[in-house]
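Secondary and tertiary structure notes
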Amino acid sequence: MRPVRRGSSPRPDDFDTYQEAKPELISRLGSYCSYCERRIPTMLAVEHIQPKGLSAYAHLAGRWDNFLLGCVNCNSTKGDKDVVLKDVLLPDRDNTHWAFTYLPDGRVIPSAAADERGVAKQAANTLALTGLDKRSNEVVDENGKRVAIDRVSQRLEKWLLAEEAKSMLDADPDNNPLRISIVHQAQESGFFSIWMTVFEDDVDMRNRLIDAFPGTRESGCFDPAAVLPVSPAPNPDGLAGGGKI
Ligand SMILES: [Zn+2]
């Protein structure tokens, strides 16, 4: 899950209507769901980390620090479930890149690092909260072709795309236009973590990917020299409950 820095609020006070925050959020984080990482060119929603539908958090309905961007699947799965900050890992305050492992079969699971840091439970809670731990629904069209309609299948599909790009680059590693083109492909496809995982041995590509997705470098969660994760997250805006990994 791509760690991001939202930065300070563009307004001195809370937003009157949370939808007003959307353009600034997209500008700072890109048109991607903050949880499943899909690129959502339209219909991306302002997501309340702590749900505005619960009375305990009603005062956060217009609060900048409580906003991320969410797709309809992650948003509706999350719904009005209570979010206790210490019990989950969040991309705006924890090093969520370090906390999850993306597998070639499309699954995402808590990482060994999360286990070592004692936050595997919080990582699992985040996956359950947003439904990222759901299994694939096998859907086959009338011609017998598998159709990627759920998030697991879409991850698998993007994994294959990234693998294909990597094998092209392996055959011609000094091809700078190809590197630029692959980064554009990643921006179009979303799923930052899959591209980062497939290119895990290519520091140049990882740096390009980090710089291509808005708000990622700014999170401070990557060491610029080696592109290793910085953990715990530096949480530069001092967000509550941050820096658990
Ligand atoms: Zn999503």
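Here is a short report on the structure shown in this document. Counting restarts for each chain: residues are numbered from 1 in the order of the written sequence. Whole-chain, interface and lining totals are the exception, using all residues; otherwise, since this is a predicted model, local features are given only for residues with pLDDT of at least 70 and side-chain atom pairs are given and counted only at 80 or more.

**Let's talk about the overall build of the protein**
Secondary structure follows DSSP: runs of H or I at least 4 residues long count as helices, runs of E at least 2 residues long count as strands, and numbering of each begins at the N terminus. Per the secondary structure count, the protein includes nine helices and four strands. When the elements of the protein are put in sequence order from the N terminus, they spell out α-β-β-α-α-β-β-α-α-α-α-α-α. In terms of overall dimensions, the protein is globule-like: its C-alpha atoms have a radius of gyration of 18 Å, near the 18 Å expected for 245 residues. Projected onto its principal axes, the C-alpha positions of the protein cover 55 × 50 × 35 Å. Partly exposed residues are those whose C-beta has more than 12 but fewer than 20 other C-beta atoms within 10 Å; 20 or more makes a residue buried and 12 or fewer makes it exposed, with C-beta atoms placed from the backbone. Counting across all 245 residues of the protein, residues that qualify as buried make up 38%. By the criterion used throughout, residues are in contact when their C-beta atoms, derived from the backbone, lie within 7 Å. Long-range contacts, defined here as pairs at least 24 residues apart, represent 63% of the contacts in the protein between residues at least 6 apart. We compute the radius of gyration over the C-alpha atoms and compare it with the globule rule, which gives 2.2 Å times the number of residues raised to the power 0.38.

**Regarding unusual backbone geometry**
Cis geometry is found at the peptide bond from serine 231 to proline 232, where omega equals 0°. Residue placement: proline 232 occurs in the segment after helix H9 (203–212). Not every positive phi belongs to a glycine, and glutamate 37 is a case in point at roughly 75°. Secondary-structure assignment places glutamate 37 in the loop between helix H1 (22–29) and strand E1 (45–48).

**Concerning the environment of asparagine 125**
Take asparagine 125: it is sitting in helix H5 (residues 120–130). As a C-alpha pair, asparagine 125 and alanine 56 span 69 residues in sequence and 20 Å in three-dimensional space. For asparagine 125, the contacting residues outside a window of four places in its chain are Asp87 and Val88.

**A word on the packing of helix H6 (residues 151–171) against helix H7 (residues 176–189)**
Axes here mean lines fitted to C-alpha atoms, for a helix over just the part in contact, with angles spanning 0 to 180 degrees between N-to-C directions. The N-to-C vectors of H6 and H7 enclose an angle of 175°; their axes lie 11 Å apart at closest approach. Here H6 lies roughly antiparallel to H7, going by the angle between them. Between H6, through Lys158, Leu161, Ala165, Met168 and Leu169, and H7, the contact on the second element is made entirely by Leu178, Arg179, Ile182, Gln185 and Ser189. Only Asp, Glu, Lys and Arg are considered charged, only Ala, Val, Leu, Ile, Met, Phe, Trp, Tyr, Cys and Pro nonpolar, and every remaining residue, Gly among them, polar. Its residues assigned to classes, the contact of H6 with H7 comprises six nonpolar, two polar and two charged. Orientation labels follow simple angle bins: below 35 degrees gives roughly parallel, above 145 gives roughly antiparallel, 65 to 115 gives roughly perpendicular, and whatever is left gives oblique.

**As for the packing of H7 against H9**
Two elements in contact, H7 and H9, have axes separated by 10 Å at closest approach and are oriented at 45°. One finds that H7 runs oblique with respect to H9. Classified by chirality, the crossing of H9 by H7 is right-handed. Together, Arg179, Val183, Ala186 and Gln187 of H7 and Met205, Arg208, Leu209 and Ala212 of H9 make up the contact between the two elements. Along the lines of polarity and charge, the residues of the contact of H7 with H9 split into five nonpolar, one polar and two charged. The crossing is said to be left-handed when, going from far helix to near helix, the turn is anticlockwise and less than a right angle, and right-handed when the turn is clockwise.

**Some thoughts on H7**
Here, expected helix span is obtained from the residue count minus one, scaled by 1.5 Å. Here H7 contains 14 residues, and its C-alpha end-to-end distance of 20 Å stays within 8% of the 20 Å for a straight helix at 1.5 Å per residue. At the exit of H7 stands glycine 190, carrying a positive phi of roughly 75°.

**Let's talk about the pairing of strand E2 (residues 67–70)**
Burial of the side chains of E2 extends over both faces: Phe67 and Leu69 are buried on one face and Leu68 and Gly70 on the other. With four bridges connecting them, E1 and E2 associate as antiparallel partners. Along E2, the bridge assignment pairs glutamate 47 with leucine 68. DSSP bridges decide pairing: two strands pair if at least two such bridges lie between them.

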